[in-house]
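Topology and contacts: notes
One-letter residues, chain by chain:
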Amino acid sequence: MEESLPKSGDSKLDESVDQWLLFDKNPHTVLMVQNMLKEGAVEALRKCFSTRMEFGTAGLRAAMGPGTSCMNDLTIIQTTQGFCFYLEQSFENLKERGVVIGYDARAHPPSGGSSKHFASLAAAVFISRGVPVHLFSDITPTPFVPFTVSHLGLCAGIMITASHNPKQDNGYKVYWENGAQIVSPHDKSISKAIIKNLEPWPESWNSDEALKNPLLQDPYQEICTQYFKAIQSLCHHREINKQSQVKIVHTSVHGVGHTFVQSAFKAFDLHPPYAVEEQKDPDPEFPTVKYPNPEEGEGVLSLSFALAEKKGATVVLANDPDADRLAVAERKKSGEWRVFSGNELGALLGWWIFRCWKQQNSEAAAVKNVYMLSSTVSSKILRAIALKEGFHFEETLTGFKWMGNRAKDLLDQGRTVLFAFEEAIGYMCSPVVLDKDGVSAAAIAGEMISYLATKNTSLSQQLTAIYQEYGYHISKNSYFICHDQDVIHNLFERLRHYDGQTNTYPTICGSVSVTAVRDLTTGYDSSQANKKAILPTSKSSQMITFIFSNGGVATMRTSGTEPKIKYYTELCAAPGNSDVAYLQKELNNLVDNMVENFFQPEKNKLQPKPE
């Protein structure tokens, strides 16, 4: 007779745990929960069971482990059942068109979870309902999933990845039939469908049988062929690439990127980049880095710099572990390395892609059909280039879900969308993929570097030339850590009621006056005649932008995935103003005054960004 397990004493918690043990068939997570009960580890149980992961427009992202708040076999099945149910309601031809599922190399041995295993369970759920599944037989970059949705005309795509998060995390990212990430109201509808379908369907656990089912297809070879064929249209200087003597180092930071970036360079006839041997193969432990995030800069790139110095290379390219983002660093004459910010690389890639387009399109009228996009917290450098060159620039809310969907809308109207970027090193260098894509961005960067070398010009020199022509755009971004939602709420509400009344925001910051305020939490925008914001608003997150009389822009927002209040600041100077030291000092003063004035009195309850 099976031994009865002790209870926690919390009836709601016990109910959640009992249901879990009834549904879960993974012996690793079952044992972990049973041991917590036997040890009376009530707090550990609460951490795992007191909340359910919330399905949002970014899908899911959480630590792997047992319970409703973690990524594991059961929550993957429950999520996929809800998603499948919602797709059945949304598409009459779901069983003809099907879905695609991809995954990265993450794994968590203690809970028996891995991206590949989660992907096979998700496939089993769809196959149990007669839905064809294109399941990649091996790891792929995230951009391959939206590419497959568009290329094969599928109803949806799922990518199992936690991108650059710490090693214990995993995620579930969803794409709609248009090849872009889902936006509201899909997220809320999927979330409701998940709650309606928590009990595993009879065949949902049968991943072994699903992998033998004729409804399952492997798109790996076809998509590799078609993707690299598609990005060849982005190559404009093949002869220069073939003859280039530039030496480049690439790191995939223990992720999926190595093979695919090598293939992308080959598609552009570029010499293959030197690979950082210790980091080129996928490793879910990420043994050489504290955080597998190339945005962190030098700490993640130290092995790349060492290899570059050994090989005489002048440039380092780095992808995050799912290869949808790109970081670039360049060795200066002093021997030191300059890691470009996401905004700086956005300026370089935007300039380069427009330049290549312009060379092929000599008709003056054609430029009026061209669009570039960036998120509202990113540099406004594309706006400055657009004003001078005559194309259209639009800003969207933060995240590629907004840029991807807006790009698709414009493409459907017959517009040309050349480029989109966000400051968090995310670049969409063509509408081949309606999401950020670190693989094509790496090859395009390689070609740009090779071209500039023929002019004896470095990336740093070219960036200076861009700023001299279109105006310097100097950024300074950071964040505060805060786990107390009341403190965050009070801070933003105080800014909205600065003079005691609603919509009375600060009018001065140090000695600089505030000329406009846009609040995308409430929908207020002082620059509009009707005081209503044009961009979509969301009460679930905090976001206020201040425009200053000296050309400064500052946005304060809460993070959707971390306990942070982020701030993004930029000083936009007119073309011809090349006193960089003065501009930097002006921006530093603006930031210091903003932190001192806008973040008080809550500042003593906030933890600054760790150095």
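In this text, all values refer to a predicted model and were calculated from it rather than measured experimentally.

1. Quick look at the overall build of the chain
Tallying secondary structure elements over the chain gives 20 helices and 25 strands in all. For the C-alpha atoms alone, the extent of the chain along its principal axes is close to 85 × 65 × 50 Å. Taken over 611 residues, the chain has a buried fraction of 57%. Split by element, the accessible area of the chain, about 25600 Å² in all, is 48% carbon and sulfur.

2. Details of the environment of Thr522
By the secondary structure assignment, Thr522 is in the loop between β20 (512-519) and β21 (524-525). Here the alpha-carbon distance between Thr522 and Asn503, two residues 19 residues apart in the chain, equals 9.4 Å. Those residues in contact with Thr522 that sit more than four places away from it in its chain are Arg496 and Tyr505. Of note is the side chain of Thr522, whose polar atom sits 3.4 Å from the backbone nitrogen of Tyr524.

3. Details of the pattern of salt bridges
In this structure the tally under the stated criterion is 26 salt bridges. The salt bridge involving Lys173 is made with Asp435; its shortest N-O contact spans 3.7 Å. Here Lys173, found in strand β7 (residues 169-175), pairs with Asp435, found in the loop between β17 (426-428) and α17 (438-454); they are 262 residues apart in sequence, far enough to count as distant. One salt bridge connects Arg238 with Asp269, and the closest N-O pair in it is separated by 3.0 Å. Taken as a pair, Arg238 in helix α11 (residues 238-243) and Asp269 in the loop between α12 (257-267) and β10 (274-275) lie far apart in primary sequence, 31 residues in all. According to the relative accessible area criterion, Asp269 is partly exposed, its value standing at 29%. Salt bridges here are not isolated pairs; linked through shared partners, they connect Lys173, Asp324, Asp435 and Lys436.

4. Considerations on the sheet that holds β7
The sheet built from six strands is open, its strands ordered β1-β7-β6-β2-β5-β8 with mixed pairing. The open sheet has two free edges, formed respectively by β1 (60-63) and β8 (216-217), since each of these has just one partner strand. For strand β2 (residues 99-103) and strand β6 (residues 156-160), the ladder comprises five bridges, and the chain directions are parallel. Of the residues in β6, the one forming a bridge with Val100 is Gly157. With respect to the sheet, helix α6 (residues 115-128) is in contact with β2, β5 (133-135), β6, β7 and β8, its orientation differing from that of β2 by roughly 165°. Relative to the sheet, helix α7 (residues 144-152) contacts β2, β5, β6 and β7, its axis offset from that of β6 by approximately 160°.

5. Some points on the sheet that holds strand β14 (residues 370-375)
An order of β15-β14-β16-β17 is seen for the four strands of this open sheet, with the pairing classed as mixed. Each edge of the open sheet is held by one strand with a lone partner, namely β15 (392-396) and β17. The mean angle between the axes of side-by-side strands here comes to 15°, regardless of whether they run parallel or antiparallel. Where β14 lies against strand β16 (residues 416-422), five bridges are found, and the strand directions are parallel. Across the sheet, Leu373 pairs through a bridge with Ala420, a residue of β16.

6. Quick notes on the side chain of Thr79
On the secondary structure map, Thr79 appears in helix α4 (residues 73-90). Residues within four places of Thr79 in sequence aside, it is in contact with Phe55, Leu60, Tyr172 and Ile194.

7. Describing the packing of helix α14 (residues 342-360) against helix α18 (residues 459-470)
When two helices pack together, their arrangement is given by the angle between their axes and by how far apart the axes lie. Between α14 and α18, the shortest axis-to-axis distance is 10 Å and the interhelical angle comes to 80°. Overall, the two elements α14 and α18 adopt an arrangement that is roughly perpendicular. Across from Glu344, Ala347, Leu348 and Trp351 in α14, the residues of α18 making contact are Leu459, Gln462, Leu463, Ile466 and Tyr467. Considering only residue class, the contact of α14 with α18 consists of seven nonpolar, one polar and one charged.

8. Structural notes on the packing of aromatic side chains
Considering all chains together, one arrives at 26 aromatic pairs under this definition. When the centroid spacing of 5.1 Å and the interplanar angle of 85° are considered together, the rings of Tyr227 and Phe228 count as edge-to-face. One exposure class covers both Tyr227 and Phe228, and it is buried. These aromatic residues form a ring-pair network of at least three members: Phe144, Phe147, Tyr227, Phe228 and Phe260. The lysine or arginine in question, Arg129, covers the ring of Trp201, its NZ or CZ lying 4.2 Å from the ring centre.

Reading the values: the criteria
- Residues numbered from 1 in each chain as written.
- Predicted model: local features only at pLDDT ≥ 70, side-chain atom pairs only at ≥ 80, totals over all residues.
- Heavy atoms only, no water.
- Helix = DSSP H or I, 4+ residues; strand = E, 2+ residues; numbered from the N terminus.
- Buried < 20%, exposed > 50% of the residue type's maximum accessible area, 1.4 Å probe, protein only.
- Areas by Shrake-Rupley, 256 points an atom, 1.4 Å probe, with all protein chains shown as cover.
- Contact = heavy atoms within 4.5 Å.
- Polar contact = N/O pair within 3.5 Å; in protein donor to acceptor, adjacent residues only side chain to side chain.
- Salt bridge = Lys/Arg side-chain N within 4 Å of Asp/Glu carboxyl O.
- Pairing = 2+ DSSP bridges.
- Axes fitted to C-alpha atoms, helices over the stretch in contact; angles between N-to-C directions.
- Parallel < 35°, antiparallel > 145°, perpendicular 65-115°, else oblique.
- Nonpolar A, V, L, I, M, F, W, Y, C, P; charged D, E, K, R; others polar.
- Phe/Tyr/Trp six-rings, centres within 6.5 Å; stacked < 30°, edge-to-face > 60°.
- Lys NZ or Arg CZ within 6 Å of the ring centre and 35° of its normal.

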